[in-house]
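Residue-level listing of the chains:
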Amino acid sequence: MKDPNCPTCDQTRDRRHRLCPACWRSLPASTRGRLALRDRRAPLRQQQLRAQLRDHTPVQLIRVSR
Ligand SMILES: [Zn+2]
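Structural notes, computed from the coordinates. Just so we're clear, the structure is a prediction, and the values are computed from it rather than from any experiment.

Procedures and definitions
Residues numbered from 1 in each chain as written. Predicted model: local features only at pLDDT ≥ 70, side-chain atom pairs only at ≥ 80, totals over all residues. Heavy atoms only, no water. Helix = DSSP H or I, 4+ residues; strand = E, 2+ residues; numbered from the N terminus. Buried < 20%, exposed > 50% of the residue type's maximum accessible area, 1.4 Å probe, protein only. Contact = heavy atoms within 4.5 Å. Areas by Shrake-Rupley, 256 points an atom, 1.4 Å probe, with all protein chains shown as cover. Lys, Arg positive; Asp, Glu negative; His and termini not counted. Charge placed at Lys NZ, Arg CZ, Asp CG, Glu CD. Donors = N, O, S within 2.8 Å, 3.2 Å for Na, K, Ca; no water. Tetrahedral: all angles 85-135°; square planar, octahedral: opposite > 155°, others 65-115°.

Here we come to the overall build of the protein chain. Helix and strand counts for the protein chain stand at three helices and zero strands. With respect to the principal axes defined by its C-alpha atoms, the protein chain has extents near 30 × 25 × 20 Å. Every one of the 66 residues in the protein chain was classed for burial, and the buried ones make up 27%. For the protein chain, the proportion of contacts with a sequence separation of at least 24, taken over those separated by at least 6, is 34%. Counting only carbon and sulfur atoms, one obtains 50% of the accessible surface of the protein chain, whose full area is about 4700 Å². A gap of 7 Å separates the mean positions of the 16 positive and 5 negative side-chain charges of the protein chain.

Here is the structure:
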């Protein structure tokens, strides 16, 4: 099975992440830190990330809630 592609640059991405390593590093540090948290609001943050990717928000501007 083919690896999924990164939604912003079309490069192959890691299955565990929604973005390829380069785009993941382009996220604001605060966003990355929040997405790495594993608490009960983690699914909500994933949903916020997906929505912004779908709306073509530039990766550098993507924010998720605390
Ligand atoms: Zn990418």
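Let's pick the thread back up.
The next thing to look at is the coordination of the zinc ion. Taken together, the protein donors to the zinc ion comprise Cys-6 (SG), Cys-9 (SG), Cys-20 (SG) and Cys-23 (SG), at separations of 2.3 Å. Considering all four donor atoms around the zinc ion, the spread of angles at the metal, 102 to 118°, places the coordination shape in the tetrahedral class. For the zinc ion, the donor residues sit on a single chain with the sequence spacing C-x2-C-x10-C-x2-C. What makes Cys-20 buried here is its relative accessible area of 4%.

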